[in-house]
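Next come the chains, spelled out residue by residue.
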Amino acid sequence: LVFGDPERLALLNSLVHPAVIAREEEWMRETESADPGGIAVVEAAILIETGSHRRFQKLVLAICTPEQQIERAMKRDGLSREEVLHRLERQMPLEEKRKFTDYVIDTSGAKAATLEQVRRLYEELRRLTV
């Protein structure tokens, strides 16, 4: 309901985002306490748009083709193509998001290729925490 009404979406975001950020911060403190050299990962579709990306040391962007992005959202969320496109219109384009990110994982190919990219990224991030 809110994605078609910018005022309702802004209200929802103003209610949800502070609570989500507070919980993320709490979880990251718990994670660091349990494993000071650990890696905490937070997934969020509009991290850059909200300015929340500034809270993190590194940003990873998962990308795929535009058609895959639409198909995956339709399947995952049970939305129509039009609903997905409407949501995507409210997000920063992936190419623009690239400017803010430290790493890119291309998920458009085979699952094994994605897993290999993630493995390499994990190894690099582990080296940074040592």
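Residues numbered from 1 in each chain as written. Predicted model: local features only at pLDDT ≥ 70, side-chain atom pairs only at ≥ 80, totals over all residues. Heavy atoms only, no water.

Turning our attention to the overall build of the protein. Within the protein one finds five helices and two strands. Along the longest, intermediate and shortest principal axes, the C-alpha atoms of the protein span 45 × 35 × 25 Å. Residues classed as buried in the protein amount to 23% of the 130 residues present. Across the protein, every contact between residues at least 6 apart in sequence was considered, and the portion connecting residues at least 24 apart equals 61%. Entry remark: accessible area of the protein is about 9,300 Å², with carbon and sulfur atoms responsible for 56%. Here the protein holds 20 positive side-chain charges and 23 negative ones, and the gap between their average locations is 3 Å. (Helix = DSSP H or I, 4+ residues; strand = E, 2+ residues; numbered from the N terminus. Buried < 20%, exposed > 50% of the residue type's maximum accessible area, 1.4 Å probe, protein only. Contact = heavy atoms within 4.5 Å. Areas by Shrake-Rupley, 256 points an atom, 1.4 Å probe, with all protein chains shown as cover. Lys, Arg positive; Asp, Glu negative; His and termini not counted. Charge placed at Lys NZ, Arg CZ, Asp CG, Glu CD.)

What you see with strand 1 (residues 60–63) is a clean split: Leu61 and Ile63 sit on the buried side and Val60 and Ala62 on the side with no burial. Examined bridge by bridge, strand 1 and strand 2 (residues 103–106) share four bridges and lie parallel to one another. Within strand 2, the position partnered with valine 60 by the bridge is tyrosine 103. (Pairing = 2+ DSSP bridges.)

Turning to the confidence of the model for the protein, a few remarks are in order. Here the protein shows a mean pLDDT of 93. Residues at 70 or above account for 99%. Per-element averaging of pLDDT across the protein places helix 3 (residues 81–89) at the bottom with 91 and strand 2 at the top with 97. (pLDDT = per-residue confidence, 0-100.)

A separate point is the packing of helix 2 (residues 66–77) against helix 3. Orientation of helix 2 relative to helix 3, taken along the N-to-C sense of each, is 115 degrees, at an axis distance of 9 Å. The element helix 2 and its partner helix 3 pack so that their crossing is right-handed. From helix 2, Glu67, Gln69, Ile70, Ala73, Met74 and Asp77 reach across to helix 3, where they touch Arg81, Val84, Leu85, Arg87 and Leu88. (Axes fitted to C-alpha atoms, helices over the stretch in contact; angles between N-to-C directions. Left-handed = near helix turned anticlockwise from the far one by under 90°.)

The biggest cluster of nonpolar side chains holds five residues, and these are Met28, Leu47, Ile48, Phe56 and Leu59. Those residues in contact with leucine 47 that lie beyond four places of it in its chain are Ser52, His53, Phe56 and Leu59. (Core = buried A, V, L, I, M, F, W, Y, C linked by side-chain atoms within 4.5 Å.)

Turning our attention to the side chain of threonine 114. Within the fold, threonine 114 resides in helix 5 (residues 111–129). On the basis of relative accessibility, which here comes to 15%, the residue threonine 114 falls in the buried class. Among all residues touching threonine 114, those that are not within four sequence positions of it are Ile105, Asp106 and Thr107.

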